[in-house]
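# An overview of the molecular structure
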Amino acid sequence: MSYSRFSTSNAEYWLVHARHDAPVNEIIFDDGRIKSLDAIVLEDCGLGSAVFFYDTYAPIVRAAKENNVNLYTMDIDVNSDAKYEEIRKRLAWGGGIAAFGCCVATNILKRKKKLTRRGFLALGGGFLASLGIFGIGYGLQKADEAIVGSRKEASGIARKAIALETEIFDTEVATLRNAVNAKKAEEFLSPMLMQKLGRKPKIAMVYGSLHAGMQDCILDRESRDEIIASFSGILSEYRKSETFEKWLNNVYEFVPVGYGFDVNEYDTNLF
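So, here is what we can say about the structure in this document. What you see as residue numbers is a count from 1 along each chain, following the sequence as written. Only residues with pLDDT of at least 70 are given local features in this predicted model, and only at 80 or more are side-chain atom pairs given and counted; all residues enter the totals for whole chains, interfaces and linings. The basis for every side-chain value is the complete set of heavy atoms in the structure, and neither hydrogens nor water enter the calculation.

## Things to note about the pattern of salt bridges
The term salt bridge refers to a side-chain nitrogen of Lys or Arg lying within 4 Å of a carboxyl oxygen of Asp or Glu. In total, this model carries 12 salt bridges according to the counting rule given. Put simply, Asp 38 and Arg 199 hold a salt bridge, and the shortest N to O gap is 2.8 Å. Placement of the pair is Asp 38 in the loop between strand 2 (12-18) and strand 3 (39-42) and Arg 199 in the loop between helix 5 (172-197) and strand 5 (202-208), with a sequence separation of 161 residues. Throughout this description, buried means an accessible area under 20% of the type-specific maximum (1.4 Å probe, protein chains only), exposed means over 50%, and partly exposed covers the range between. For Asp 38, a relative accessible area of 16% corresponds to the buried category. Put simply, DSSP H or I for four residues or longer makes a helix, DSSP E for two residues or longer makes a strand, and each gets a number counted from the N terminus.

Next up, the structure:
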């Protein structure tokens, strides 16, 4: 898995593009490098400390414990409405089949000598458009594989492709959570740590590769606020649950102590 490094006036960030089916072993958590971090934020879908028992996070939890680095969770649980993998496959397969269909139609019309110049141009345009659609679907699959397949800084092109995908096909599970987590990180966690440390904190955020767009939300306050506003109706429905209201506004801090962690709960009052 790879990472993206960037900074704001509040903090230096490392956004780790993790896989959900394998332990996180990014190089920034190797050896003594983890000691340079002031905080590690884990994607938790509102589960809080329960994620500490996931095999995916075991290496991080263990390393944080050994090096006295605080862990944080700030995520929310929403409807799993994301179908990005399915969208990518449909684009790839649909584009490929359409391109093949254009070739077949052109060949049949040529044999029957019924292919006019206008028809040829139309089929040619359809073929190119189909190839373009195929390329988008196939390219998004490869972009996702690229940012989780190597232990180094992520390709800017691959990261931006995934980010753009979640902007175009906006969903609660990706687009909304990107904005909510970004707002909590940049407007609550980083200022709190800066005040405590007297300098810009260094924060690692470990999220699935689908959340590559979180970087843009952290860097652009207007963008994240627009996204949150666009989901205002959905958030209003979710707020009817006291549990969700707590998820939405709270940040949890896990401080290594003895054999476990002390837990501090903060109400951000951001939403």
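## Let's talk about the side chain of Thr 73
Position of Thr 73 among the secondary structure elements: in strand 4 (residues 71-73). Those residues in contact with Thr 73, other than ones at most four positions away along the chain, are Leu 42, Asp 44, Gly 48, Val 251, Tyr 252 and Phe 254. We call two residues contacting when some pair of their heavy atoms lies within 4.5 Å.

## Section: the nonpolar core
Here, the term nonpolar core denotes a set of buried Ala, Val, Leu, Ile, Met, Phe, Trp, Tyr and Cys residues that are joined through side-chain atoms within 4.5 Å. Counting residues in hydrophobic clusters, the biggest one holds 35 residues, and the most contacted among them are Tyr 13, Val 41, Tyr 72, Leu 189, Ile 203 and Met 205. Elements with a contribution of two residues or more to this core: strand 2, strand 3, helix 5, strand 5, helix 6 (214-219), helix 7 (221-230), helix 8 (232-238) and helix 9 (242-249). Sorting elements by how many residues they give to this core places helix 5 first, with 11 residues. Excluding residues that lie within four positions of it along the chain, Tyr 72 makes contacts with Ala 39, Ile 40, Val 41, Leu 42, Leu 189, Met 192, Leu 193, Val 251, Tyr 252, Glu 253 and Phe 254. Formed by 25 residues, the second largest nonpolar core is a distinct cluster that contains Tyr 3, Trp 14, Val 24 and Val 69.

## Examining helix 5
For a residue, the bend is simply the angle between two axes, fitted respectively to the seven-residue segment ending there and the seven-residue segment starting there. Considering bend angle alone, the principal kink of helix 5 is centred on Ala 185 and spans about 35°. Looking at where helix 5 begins, the residue whose side-chain oxygen comes 3.3 Å from the main-chain nitrogen of Ala 174 is Thr 171. Just past helix 5, the residue Gly 198 takes up positive phi, approximately 80°. Each polar contact in these results corresponds to two N or O atoms within 3.5 Å; when the atoms are within protein, one needs to be able to donate a hydrogen and the other to accept it, and residues that are neighboring in sequence are counted only if both atoms are side-chain atoms.

## A closer look at a nonpolar patch on the surface
Excluding any residue in a salt bridge, patches collect residues exceeding 30% relative accessible area, merging like charges within 9 Å and nonpolar Val, Leu, Ile, Met, Phe, Trp and Tyr side chains within 5 Å. Areas reported as accessible are Shrake-Rupley estimates using a 1.4 Å probe. Residue values count occlusion only from the protein chains shown. On the surface, a cluster of nonpolar side chains totalling about 270 Å² of accessible area is made up of Leu 164, Ile 168 and Phe 169. Along the chain, Leu 164 turns up in helix 4 (residues 156-168). The partly exposed category is assigned to Leu 164, whose relative accessible area is 42%.

These values are about where atoms sit, not about what they do.
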